[in-house]
Amino acid sequence: MKKVLRVAAREFASTALTKGFIFGAFIVPLLMMGLVFVLLPILMTEKAPKVSGTIAIVDPTGAVLPAVQEAMKPEALLKRQEAREARVKEAMGQTAPKGLATESQIDMAAKAAATLPKTELTLEILDPATDIEREKEPLRIGTAQDGGRLALISISPNAVERPDPSQPFGSFDLFIKPKLDDRISGDLRTVVGEAIFDARITAAGQDPAYIRSLTQVSRPDPVTVSKDGEKKAGQWQIFLPFGFMALIMISVMVGGQYLLTTTIEEKSNRIVEVILSAVSPMELMTGKILGQMGVGLALLLMYGAVGWGSLIIFTLTAGVTLLNALLLVVYFILAYFLIASMMAAIGAAVNDLREAQSLMTPVMLVTMLPYLLWLPISRDPNGTFATVLGLLPPISPFVMVLRINSTEPPPMWQIPASILINVIGVYIMLRLTAKIFRVGLLMYGKPPNLSTLIKWVRMA
Amino acid sequence: MGDAITLSGLRKSFGPKIAVEGMDLRVGKGELVGFIGPNGAGKTTTIRMIMSIIFPDTGTISVLDRPSAVESKDRIGYLPEERGLYRKMKVGAFLCHMAQLKGASPDGLKQKVYKWLERVDLAKCYKLKCEELSKGMQQKVQFLSAIMHDPDLLILDEPFSGLDPVNMRMMRDLFLEQHTLGRTIIFSTHQMHQAEQLCDRIVMINKGQKVLDSTLAEIRSDYDPRTILVEPLDEADASQLHALPWVREVADRDGILEIGIHDDTPPRDAIQRIVAMMPVAKIELRRPTLEDIFVEIVQGEGQSAQEVRESLRSGIAAEEVES
């Protein structure tokens, strides 16, 4: 055991205590944190420049113009601006369960709302007989920031009333200056569209406000009702399990990848025979796996801490319990052993990294599957599909992390069951890979294929 | 005194190729034994089996009174033929790591490592990375890693290959010093003259089988000289010698004739007859080298002398290219 720990300590030190690793593992997350906590607020508080200019409109029907004029009045503009800000605030607030929005969140929402462009637009009514092509000319001069004519709206003659009822209604064209804020052009489309809508209703002899009220149904957020009570399912909840899964996936893959490269390195620079004169292949493999597990665990804890910090800031910690965090570590260890033992065997079997690629395909498949399965599992975390996959190593640990952190955690018995199955899986995997590891380490020459590996397992 | 190593009936095959067969060997404690034989003879396979790095198909092994080297790993120092270093590790740290893997106590280990590095003129390299050392320096570090934990048994596979003469001498001194300390040493080489210079006892291996196992003194008395070197005073006619019934073979090496004589002719008579036949500048009875003996033994197994010598030389040539 002492030798195993000695090998593990060297493995950890030679991987985690290097400049490259520290840069990759610490500096990159720091930069990411900097991005989230420093750069994003700065970007958010940066106010959009004020936009002022004229909007030209040609209305051959004469029925649309009054509504557009009404909508473009300063009071109406201000009202829409406020409504938009309110929407942004609501959207920002929605990320947290209702009633949990913090001061900082409200503050951020307000800041985000402030980035909406302030407008000072005047409407320029053109003669219906005017030449549209000529009226486009002012748009060609300069950009939206220079002011002047910002947009040209041309309503179709048959937009409100059609001479032939079998033909569809006409619509309108919107020509804009380059670099016009998309929120302004979007606003114009809405305003004119609604004006045409109202004009058609009026032309049909109905009251637009009445018809509008008839056609509007508000869409409620779904509320999950379970024996634990009721809760509103926020959109963030689908991403949280994914985040957890990605966290263990990254840690497992980093540890596994390092294990692969250090094993290949030991083999290719021929130190391995010297080492084998001091420790048994099993001790070497165990030591190496444990050492790299330390590396993966260090990453898991660090990225986990960063993630936890962000959750606290966005007050999203409600769905995360200590048990979930603990299970995350347990499933990490299981997933790591499954993947790492394969990596060690591959590393021992090949002569260089290039040869490892072809044998890596099954491992890569295992690591890709959970990403592909994320959506189906999140949609139905307790369906047969998810339940079966949750008990099937080697992807079981990843699936279980997805399920445990979803809105509908699996029945309690499935957690110990999956852990037990994975422990058995780890045991079998270690037995098989240890044989390949032992035989492969001293085999040089032609890279083995899958059938050679099977032969080695039988041979050892 | 018991045996350090006992091998009996070892056999190992890799697929259809039989690497070692019928290997019996006893190495007494404190002995210095050389394994010699051409490349691919089975020396490394035998050594790896002694080390329990690979396992024999049949046969038994006892190392330092244990049934397997696994149980006495910490008392063995091993320098494999395929040896490497952790390239990114510092020399001092590497030696400490290896010694601790071999069960050495960490107390005073650093000082010990430093002292040894000083002895091989590498004290300045303590904090250098292994990859920064030259090949010869790396080899010294590798040798140190095999002896750092004061093993009772040293197994060295081609320990001197690729060394320059100065380092070769230094390593040889260290090597002999280990012997005088009473440690059992087995080393393999395909350079027979090295074995001749260093060993008490020679084990010759060819095609996976032991073909000779004797002390150097026994070998010398068993294989009496059968080659006479003649430097003729004038241009000599070698064909005249070929015709003689007691001459086995004649080879002309840059004007020096190597005359092999038949076993039933005493060398004394042969010399007299040659001198009577032609004026000679120099005549000498050559002791058989290990190579000659090896050639003689192997010849009986269907290989011609020329083939055997070539297979030996190809190993040497390959090594020279390497170094």
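Analysis parameters
- Residues numbered from 1 in each chain as written.
- Chains lettered and ligands numbered in written order.
- Predicted model: local features only at pLDDT ≥ 70, side-chain atom pairs only at ≥ 80, totals over all residues.
- Heavy atoms only, no water.
- 1 Å grid on protein atoms, 1.4 Å probe; cavity = no way out; pocket = protein on both sides within 12 Å on 5 of 7 lines; lining within 4 Å.
- Points joined across faces, edges and corners; volume = space filled by probe spheres on them.
- Helix = DSSP H or I, 4+ residues; strand = E, 2+ residues; numbered from the N terminus.
- Nonpolar A, V, L, I, M, F, W, Y, C, P; charged D, E, K, R; others polar.
- Phe/Tyr/Trp six-rings, centres within 6.5 Å; stacked < 30°, edge-to-face > 60°.
- Buried < 20%, exposed > 50% of the residue type's maximum accessible area, 1.4 Å probe, protein only.
- Patch = residues over 30% accessible without salt bridge, like charges linked within 9 Å, V, L, I, M, F, W, Y side chains within 5 Å.
- Areas by Shrake-Rupley, 256 points an atom, 1.4 Å probe, with all protein chains shown as cover.
- Salt bridge = Lys/Arg side-chain N within 4 Å of Asp/Glu carboxyl O.
- Lys, Arg positive; Asp, Glu negative; His and termini not counted.
- Charge placed at Lys NZ, Arg CZ, Asp CG, Glu CD.
- pLDDT = per-residue confidence, 0-100.
- Contact = heavy atoms within 4.5 Å.
- Pairing = 2+ DSSP bridges.
- Axes fitted to C-alpha atoms, helices over the stretch in contact; angles between N-to-C directions.
- Parallel < 35°, antiparallel > 145°, perpendicular 65-115°, else oblique.
- Left-handed = near helix turned anticlockwise from the far one by under 90°.
- Buried area = accessible area lost by both parts, 1.4 Å probe.
- Polar contact = N/O pair within 3.5 Å; in protein donor to acceptor, adjacent residues only side chain to side chain.

I tried to follow empty space enclosed by the protein on my own but got confused; where do I start?
Tallied over the full model, the rule gives three cavities of 30 Å³ or more. A volume near 100 Å³ is recorded for the largest cavity. The wall of the largest cavity is formed by 13 residues, among which Leu77, Arg80, Thr119, Leu121 and Asp187 of chain A lie closest to the centre. Mapped by element, the contributors of at least two residues to the lining of the largest cavity are α4 (74-94), β2 (119-126) and α7 (182-203) of chain A. The biggest single contributor to the lining of the largest cavity is α7 of chain A, with five residues. Its residues assigned to classes, the lining of the largest cavity shows seven nonpolar, two polar and four charged. Lining the second largest cavity we find Glu196, Leu216, Ile219, Arg220, Pro288, Leu290 and Ile293 of chain B. Where the lining of the second largest cavity is concerned, the elements lending two or more residues are α7 (216-222) and α10 (290-299) of chain B. For the lining of the second largest cavity, the element with the highest residue contribution is α7 of chain B, accounting for three residues. For the lining of the second largest cavity, the per-class residue count stands at five nonpolar, no polar and two charged.

Hey, could you run me through the packing of aromatic side chains in this one?
Centre-to-centre distance and the angle between the planes together describe a pair of aromatic rings. All names here are of chain A. Under the counting rule described, the total for this entry stands at ten aromatic pairs over all chains. Between Phe242 and Tyr371, the ring centres sit 5.9 Å apart and the planes meet at 65°, which makes this aromatic pair edge-to-face. Of the two residues, Phe242 is situated in helix α9 (residues 236-268) and Tyr371 in helix α13 (residues 353-379); the sequence distance between them amounts to 129 residues. Classification of Phe242 as partly exposed rests on a relative accessible area of 23%. Here the aromatic cluster, defined as three or more aromatic residues joined through ring pairs, consists of Phe242, Tyr371 and Trp374.

Sorry if this is basic, but what is going on with a negative patch on the surface here?
A cluster of acidic side chains, namely Asp234, Glu235, Asp252 and Asp254 of chain B, defines a negative patch on the protein surface. Its location among the elements puts Glu235 of chain B in the loop between β10 (227-232) and α8 (238-242).

Even after reading the chapter, I still don't get the confidence of the model for chain A, so can you show me in this structure?
Detail in the predicted coordinates should be disregarded across regions flagged by low pLDDT. All names here are of chain A. Scored by pLDDT, chain A has a mean of 82; 88% of the residues are at 70 or more. Here helix α5 (residues 103-114) stands out as the element of chain A with the lowest mean pLDDT, 55, in contrast to strand β4 (residues 172-176), whose mean of 92 is the highest. Here residues 94-101 is a poorly scored stretch, pLDDT under 50, and it has 15 contacts once near neighbours within four places are set aside; other chains count.

Whenever I open this one, the pairing of strand β9 (residues 209-215) of chain B confuses me. Can you help?
Along a regular strand, successive side chains alternate from one face of the sheet to the other. Across six bridges, strand β8 (residues 201-206) of chain B lies against β9 of chain B in antiparallel orientation. Looking at β9 of chain B, one finds that Ile205 of chain B is bridged to Lys210 of chain B.

I would appreciate a short explanation of helix α1 (residues 43-50) of chain B in the present structure.
Three or four residues apart is the spacing at which side chains of an α-helix point the same way, because the helix has 3.6 residues per turn. Residues and elements named next belong to chain B. The buried count for α1 comes to eight of eight residues, which makes it a mostly enclosed element. Within the sequence span of α1, burial applies to Lys43, Thr44, Thr45, Thr46, Ile47, Arg48, Met49 and Ile50. Of the residues flanking the end of α1, it is Ser52, one or two places downstream, whose phi is positive at about 60°.

Honestly, the pattern of salt bridges in this entry has me stumped. Any pointers?
If the charged atoms of two oppositely charged side chains come close together, the side chains can form a pair. All names here are of chain A. All chains considered together, the criterion is met by 30 salt bridges over all chains. Here Glu135 ties to Arg134 by a salt bridge, and the two come within 3.7 Å at their closest N and O atoms. Since its relative accessible area comes to 10%, Glu135 is described here as buried. Residue Arg134 is classed as exposed on the basis of its relative accessible area, which comes to 54%.

What should I look at first to understand the packing of helix α12 (residues 322-349) of chain A against helix α15 (residues 396-404) of chain A in this one?
For any two helices packed against each other, the geometry comes down to the angle between their axes and how far apart the axes lie. Residues and elements named next belong to chain A. The geometry of α12 relative to α15 is characterised by a closest axis approach of 9 Å and an angle of 165° between their N-to-C directions. The orientation of α12 relative to α15 falls into the category roughly antiparallel. The handedness of the crossing between α12 and α15 comes out as left-handed. Here Asn324, Leu327, Leu328, Tyr331, Leu334, Ala335 and Leu338 of α12 come into contact with α15, specifically with Pro397, Phe398, Met400, Val401 and Ile404.

Where do I start with the interface of chain B and chain A in this structure?
How large an interface is tends to be reported as the accessible area lost when its parts come together. Across the contact, 22 residues belong to chain B and 18 residues belong to chain A. Across the interface of chain B and chain A, roughly 2100 Å² is buried in total on both sides, 60% from carbon and sulfur atoms. Our count for the chain B to chain A interface comes out at eleven residue pairs in polar contact (both at pLDDT 80 or more). Of the residues forming the side of chain B that touches chain A, the biggest block, five residues, is contributed by helix α2 (residues 91-101) of chain B. Partitioning the side of chain B that touches chain A into residue classes produces twelve nonpolar, three polar and seven charged.

When you look at unusual backbone geometry in this model, what are you seeing that I'm missing?
Here Pro393 of chain A and Pro394 of chain A are connected by a cis peptide whose omega angle stands at 5°. Among the secondary structure elements, Pro394 of chain A is positioned in the loop between α14 (384-390) and α15. Backbone geometry places Arg270 of chain A, a non-glycine residue, at a positive phi of 65°. Here Arg270 of chain A is to be found in the loop between α9 and α10 (272-276). Exposure remark for Arg270 of chain A: the relative accessible area of 25% places this residue in the partly exposed category. With a phi angle near 50°, Lys207 of chain B is a residue other than glycine that sits in the positive phi range. Among the structural elements, Lys207 of chain B can be located in the loop between β8 and β9. Accessibility expressed as a relative area gives 55% for Lys207 of chain B, which makes it exposed.

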